[in-house]
Amino acid sequence: SQQGEEDPQALSIQEGENATMNCSYKTSINNLQWYRQNSGRGLVHLILIRSNEREKHSGRLRVTLDTSKKSSSLLITASRAADTASYFCAAKTNRLAFGKGNQVVVIP
Amino acid sequence: DAGVIQSPRHEVTEMGQEVTLRCKPISGHDYLFWYRQTMMRGLELLIYFNNNVPIDDSGMPEDRFSAKMPNASFSTLKIQPSEPRDSAVYFCASSLTAPGPLNTGELFFGEGSRLTVL
(Lines give C-alpha, C1' and ligand atoms only; values in the text may rest on other atoms or scores of the structure.)
Protein backbone atom coordinates (compact mmCIF):
# COMPACT_ATOMS: atom_id res chain seq x y z
CA SER A 1 0.00 0.00 0.00
CA GLN A 2 1.10 3.60 -0.58
CA GLN A 3 2.75 5.15 2.42
CA GLY A 4 3.34 8.70 1.36
CA GLU A 5 0.38 10.81 0.37
CA GLU A 6 0.91 14.35 -0.74
CA ASP A 7 -1.45 17.27 -0.29
CA PRO A 8 -2.35 19.34 -2.29
CA GLN A 9 -2.33 17.49 -5.56
CA ALA A 10 -1.72 20.49 -7.79
CA LEU A 11 -0.29 23.93 -7.12
CA SER A 12 0.09 26.89 -9.43
CA ILE A 13 2.18 29.86 -8.28
CA GLN A 14 3.96 32.91 -9.63
CA GLU A 15 7.70 32.93 -10.01
CA GLY A 16 9.33 34.21 -6.84
CA GLU A 17 6.61 32.90 -4.54
CA ASN A 18 7.09 30.04 -2.13
CA ALA A 19 5.58 26.62 -2.74
CA THR A 20 4.60 24.36 0.11
CA MET A 21 3.42 20.79 -0.16
CA ASN A 22 2.59 18.28 2.50
CA CYS A 23 2.88 14.56 2.89
CA SER A 24 1.42 12.12 5.37
CA TYR A 25 2.35 8.56 6.10
CA LYS A 26 0.87 5.75 8.10
CA THR A 27 3.53 3.84 10.04
CA SER A 28 6.83 4.50 11.76
CA ILE A 29 9.56 5.38 9.31
CA ASN A 30 13.35 5.44 9.18
CA ASN A 31 13.48 8.49 6.98
CA LEU A 32 11.38 10.44 4.54
CA GLN A 33 12.62 11.46 1.13
CA TRP A 34 11.44 13.95 -1.46
CA TYR A 35 11.92 13.46 -5.17
CA ARG A 36 11.25 15.66 -8.18
CA GLN A 37 10.06 14.46 -11.56
CA ASN A 38 10.15 16.69 -14.59
CA SER A 39 7.70 15.87 -17.37
CA GLY A 40 8.76 12.76 -19.24
CA ARG A 41 11.77 12.15 -17.03
CA GLY A 42 12.76 9.92 -14.16
CA LEU A 43 12.58 10.86 -10.49
CA VAL A 44 15.48 12.73 -8.96
CA HIS A 45 16.28 12.66 -5.27
CA LEU A 46 16.07 16.09 -3.63
CA ILE A 47 16.43 15.77 0.10
CA LEU A 48 16.18 13.25 2.91
CA ILE A 49 15.20 13.78 6.52
CA ARG A 50 15.77 11.13 9.14
CA SER A 51 13.18 10.17 11.71
CA ASN A 52 15.14 11.83 14.51
CA GLU A 53 15.39 15.14 12.65
CA ARG A 54 12.74 17.86 12.63
CA GLU A 55 13.96 20.20 9.94
CA LYS A 56 16.49 20.19 7.16
CA HIS A 57 17.62 22.68 4.55
CA SER A 58 19.24 22.29 1.17
CA GLY A 59 19.57 25.41 -0.92
CA ARG A 60 16.05 26.74 -1.53
CA LEU A 61 14.50 23.59 -0.09
CA ARG A 62 13.30 23.23 3.46
CA VAL A 63 11.77 20.02 4.70
CA THR A 64 10.15 19.42 8.06
CA LEU A 65 9.12 16.20 9.72
CA ASP A 66 6.57 15.74 12.48
CA THR A 67 6.66 12.11 13.55
CA SER A 68 3.87 12.62 16.09
CA LYS A 69 1.54 13.64 13.27
CA LYS A 70 3.20 11.37 10.73
CA SER A 71 3.57 14.24 8.33
CA SER A 72 6.21 16.13 6.40
CA SER A 73 6.28 19.32 4.40
CA LEU A 74 8.49 20.53 1.59
CA LEU A 75 8.96 24.24 1.07
CA ILE A 76 10.54 25.65 -2.05
CA THR A 77 11.45 29.28 -1.54
CA ALA A 78 11.73 31.92 -4.28
CA SER A 79 10.36 29.55 -6.90
CA ARG A 80 11.60 29.58 -10.47
CA ALA A 81 10.01 28.42 -13.69
CA ALA A 82 12.49 25.54 -13.69
CA ASP A 83 10.90 24.27 -10.47
CA THR A 84 7.82 23.26 -12.49
CA ALA A 85 7.61 19.53 -11.88
CA SER A 86 5.88 16.83 -9.86
CA TYR A 87 7.14 16.33 -6.34
CA PHE A 88 6.90 13.01 -4.54
CA CYS A 89 7.44 12.08 -0.96
CA ALA A 90 8.64 8.61 -0.14
CA ALA A 91 8.41 7.03 3.28
CA LYS A 92 11.25 4.71 4.15
CA THR A 93 10.59 1.64 6.25
CA ASN A 94 12.04 -1.62 5.06
CA ARG A 95 11.18 -0.37 1.59
CA LEU A 96 10.52 3.00 -0.03
CA ALA A 97 6.85 3.75 -0.64
CA PHE A 98 5.98 6.70 -2.85
CA GLY A 99 2.96 8.98 -2.77
CA LYS A 100 1.12 9.98 -5.93
CA GLY A 101 2.83 13.31 -6.25
CA ASN A 102 2.15 17.05 -6.27
CA GLN A 103 2.09 18.85 -9.59
CA VAL A 104 3.68 22.28 -9.19
CA VAL A 105 3.49 24.86 -11.95
CA VAL A 106 5.57 28.01 -11.59
CA ILE A 107 4.36 30.78 -13.86
CA PRO A 108 7.11 33.10 -15.13
CA ASP B 1 28.88 7.57 -14.58
CA ALA B 2 26.05 7.74 -17.10
CA GLY B 3 23.37 6.96 -14.55
CA VAL B 4 20.72 4.27 -14.84
CA ILE B 5 20.11 3.46 -18.49
CA GLN B 6 16.81 2.09 -19.74
CA SER B 7 15.70 0.94 -23.15
CA PRO B 8 13.59 1.36 -25.09
CA ARG B 9 12.36 4.82 -24.12
CA HIS B 10 9.11 4.24 -25.95
CA GLU B 11 7.41 1.03 -27.00
CA VAL B 12 4.12 0.65 -28.80
CA THR B 13 2.87 -2.85 -29.27
CA GLU B 14 -0.30 -4.79 -29.85
CA MET B 15 -2.14 -6.81 -27.27
CA GLY B 16 -0.75 -10.30 -26.97
CA GLN B 17 2.77 -9.40 -27.98
CA GLU B 18 5.81 -9.96 -25.78
CA VAL B 19 7.49 -6.87 -24.37
CA THR B 20 11.01 -6.77 -22.96
CA LEU B 21 12.29 -3.73 -21.10
CA ARG B 22 15.96 -3.39 -20.28
CA CYS B 23 17.94 -1.69 -17.56
CA LYS B 24 21.59 -1.04 -16.81
CA PRO B 25 22.08 0.11 -13.20
CA ILE B 26 24.79 2.43 -11.97
CA SER B 27 28.05 0.55 -11.66
CA GLY B 28 28.67 -0.57 -8.09
CA HIS B 29 25.04 -0.34 -7.02
CA ASP B 30 23.95 -3.62 -5.55
CA TYR B 31 20.20 -3.02 -5.46
CA LEU B 32 17.96 -2.75 -8.50
CA PHE B 33 14.30 -1.87 -8.49
CA TRP B 34 11.55 -1.98 -11.11
CA TYR B 35 8.65 0.46 -10.69
CA ARG B 36 5.52 1.09 -12.73
CA GLN B 37 3.93 4.54 -12.89
CA THR B 38 0.35 5.27 -13.93
CA MET B 39 -1.93 8.23 -13.31
CA MET B 40 -4.39 6.08 -11.40
CA ARG B 41 -2.04 4.11 -9.17
CA GLY B 42 1.02 6.33 -8.98
CA LEU B 43 4.41 4.72 -8.56
CA GLU B 44 4.27 1.02 -7.69
CA LEU B 45 7.21 -1.17 -6.76
CA LEU B 46 7.11 -4.34 -8.86
CA ILE B 47 10.26 -6.17 -7.79
CA TYR B 48 13.71 -5.55 -6.45
CA PHE B 49 17.01 -7.41 -6.59
CA ASN B 50 20.01 -7.52 -4.32
CA ASN B 51 23.26 -8.75 -5.81
CA ASN B 52 21.30 -10.07 -8.80
CA VAL B 53 18.94 -12.11 -6.62
CA PRO B 54 15.21 -11.26 -6.54
CA ILE B 55 14.31 -10.31 -2.98
CA ASP B 56 10.72 -9.15 -3.13
CA ASP B 57 8.47 -9.70 -6.13
CA SER B 58 5.19 -9.21 -4.30
CA GLY B 59 4.40 -6.21 -6.47
CA MET B 60 4.51 -8.14 -9.72
CA PRO B 61 0.90 -7.99 -10.92
CA GLU B 62 0.57 -11.50 -12.28
CA ASP B 63 2.33 -14.36 -13.99
CA ARG B 64 2.50 -12.45 -17.24
CA PHE B 65 5.26 -10.37 -15.68
CA SER B 66 8.75 -11.68 -15.08
CA ALA B 67 12.05 -10.04 -14.24
CA LYS B 68 15.61 -11.28 -14.40
CA MET B 69 19.02 -9.99 -13.48
CA PRO B 70 21.61 -12.27 -15.08
CA ASN B 71 24.52 -10.09 -13.93
CA ALA B 72 25.29 -6.95 -11.96
CA SER B 73 25.00 -4.67 -14.97
CA PHE B 74 21.81 -5.82 -16.64
CA SER B 75 18.19 -6.53 -15.84
CA THR B 76 15.09 -7.21 -17.89
CA LEU B 77 11.38 -6.91 -17.23
CA LYS B 78 9.28 -9.03 -19.54
CA ILE B 79 5.53 -8.98 -20.12
CA GLN B 80 4.08 -11.90 -22.03
CA PRO B 81 1.41 -11.63 -23.28
CA SER B 82 0.92 -7.88 -22.99
CA GLU B 83 -2.49 -6.32 -22.37
CA PRO B 84 -3.76 -2.73 -22.77
CA ARG B 85 -3.92 -2.32 -18.97
CA ASP B 86 -0.14 -2.80 -18.88
CA SER B 87 0.26 0.58 -20.55
CA ALA B 88 2.39 2.67 -18.19
CA VAL B 89 5.83 4.11 -17.69
CA TYR B 90 8.21 1.53 -16.28
CA PHE B 91 11.15 2.79 -14.27
CA CYS B 92 14.30 1.07 -13.22
CA ALA B 93 16.20 2.43 -10.24
CA SER B 94 19.36 1.41 -8.46
CA SER B 95 20.71 1.97 -5.02
CA LEU B 96 24.02 1.57 -3.29
CA THR B 97 22.50 1.00 0.11
CA ALA B 98 20.22 -1.66 1.45
CA PRO B 99 16.51 -0.92 1.71
CA GLY B 100 16.47 -2.09 5.32
CA PRO B 101 15.94 0.10 8.36
CA LEU B 102 19.55 1.19 8.88
CA ASN B 103 20.19 2.66 5.46
CA THR B 104 19.00 5.73 3.61
CA GLY B 105 17.73 3.91 0.54
CA GLU B 106 18.20 6.84 -1.84
CA LEU B 107 17.24 5.72 -5.31
CA PHE B 108 18.68 6.72 -8.67
CA PHE B 109 16.11 6.42 -11.43
CA GLY B 110 16.42 5.87 -15.13
CA GLU B 111 14.43 7.95 -17.59
CA GLY B 112 11.77 5.28 -17.91
CA SER B 113 10.26 3.18 -20.68
CA ARG B 114 6.84 4.36 -21.82
CA LEU B 115 4.82 1.32 -22.88
CA THR B 116 1.63 1.56 -24.89
CA VAL B 117 -0.29 -1.64 -25.56
CA LEU B 118 -2.99 -1.26 -28.20
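What counts, and where the lines are drawn
Residues numbered from 1 in each chain as written. Chains lettered and ligands numbered in written order. Predicted model: local features only at pLDDT ≥ 70, side-chain atom pairs only at ≥ 80, totals over all residues. Heavy atoms only, no water. Salt bridge = Lys/Arg side-chain N within 4 Å of Asp/Glu carboxyl O. Helix = DSSP H or I, 4+ residues; strand = E, 2+ residues; numbered from the N terminus. Core = buried A, V, L, I, M, F, W, Y, C linked by side-chain atoms within 4.5 Å. Buried < 20%, exposed > 50% of the residue type's maximum accessible area, 1.4 Å probe, protein only. Contact = heavy atoms within 4.5 Å. Polar contact = N/O pair within 3.5 Å; in protein donor to acceptor, adjacent residues only side chain to side chain.

Enquirer: Explain the pattern of salt bridges to me, please; I cannot follow it from the model alone.
Expert: Side chains bearing opposite charge may pair, as long as their charged atoms lie close to each other. Across all of its chains, the model carries eleven salt bridges over all chains by this definition. A salt bridge links Arg41(A) to Glu111(B); its shortest N-O distance comes to 2.5 Å. Residue Arg41(A) is located in the loop between strand S4 (31-37) and strand S5 (43-50), and its partner Glu111(B) is located in the loop between strand S10 (108-109) and strand S11 (113-117); the two belong to separate chains. Between Arg36(B) and Glu44(B) there is a salt bridge whose closest N-O contact spans 3.3 Å. Shared partners join several salt bridges into a network, and the residues in it are Glu62(B), Arg64(B), Glu83(B), Arg85(B) and Asp86(B).

Enquirer: Sorry, what's going on with the nonpolar core here?
Expert: Soluble globular proteins tend to bury their nonpolar side chains together. Core analysis: the biggest nonpolar cluster contains 22 residues, and Met21(A), Leu32(A), Trp34(A), Leu74(A) and Tyr87(A) have the highest contact counts within it. Counting 21 residues, the second largest nonpolar core, distinct from the first, contains Leu32(B), Met60(B), Leu77(B) and Val117(B).

Enquirer: It is not clear to me how the interface of chain A and chain B should be interpreted in this structure. Could you clarify?
Expert: Buried accessible area, meaning the area lost when the parts come together, often serves as the stated size of an interface. Each partner contributes to the interface: chain A provides 21 residues, whereas chain B provides 23 residues. Taken together, the connections running from chain A to chain B amount to one salt bridge. For the side of chain A that touches chain B, the secondary-structure elements that each account for two or more residues are S4, S5, strand S9 (85-92) and strand S10 (96-98) of chain A.

Enquirer: Can you walk me through the side chain of Gln37(B) in this structure?
Expert: When you line up the elements, Gln37(B) lands in strand S4 (residues 31-38). Within the local environment of Gln37(B), its side chain forms a polar contact with the side chain of Gln37(A), the two groups lying 3.0 Å apart. Those residues in contact with Gln37(B) that sit more than four places away from it in its chain are Gln37(A), Phe88(A), Gly42(B), Leu43(B), Ala88(B), Val89(B) and Phe91(B).

By themselves, these are just geometric observations and shouldn't be taken as functional.
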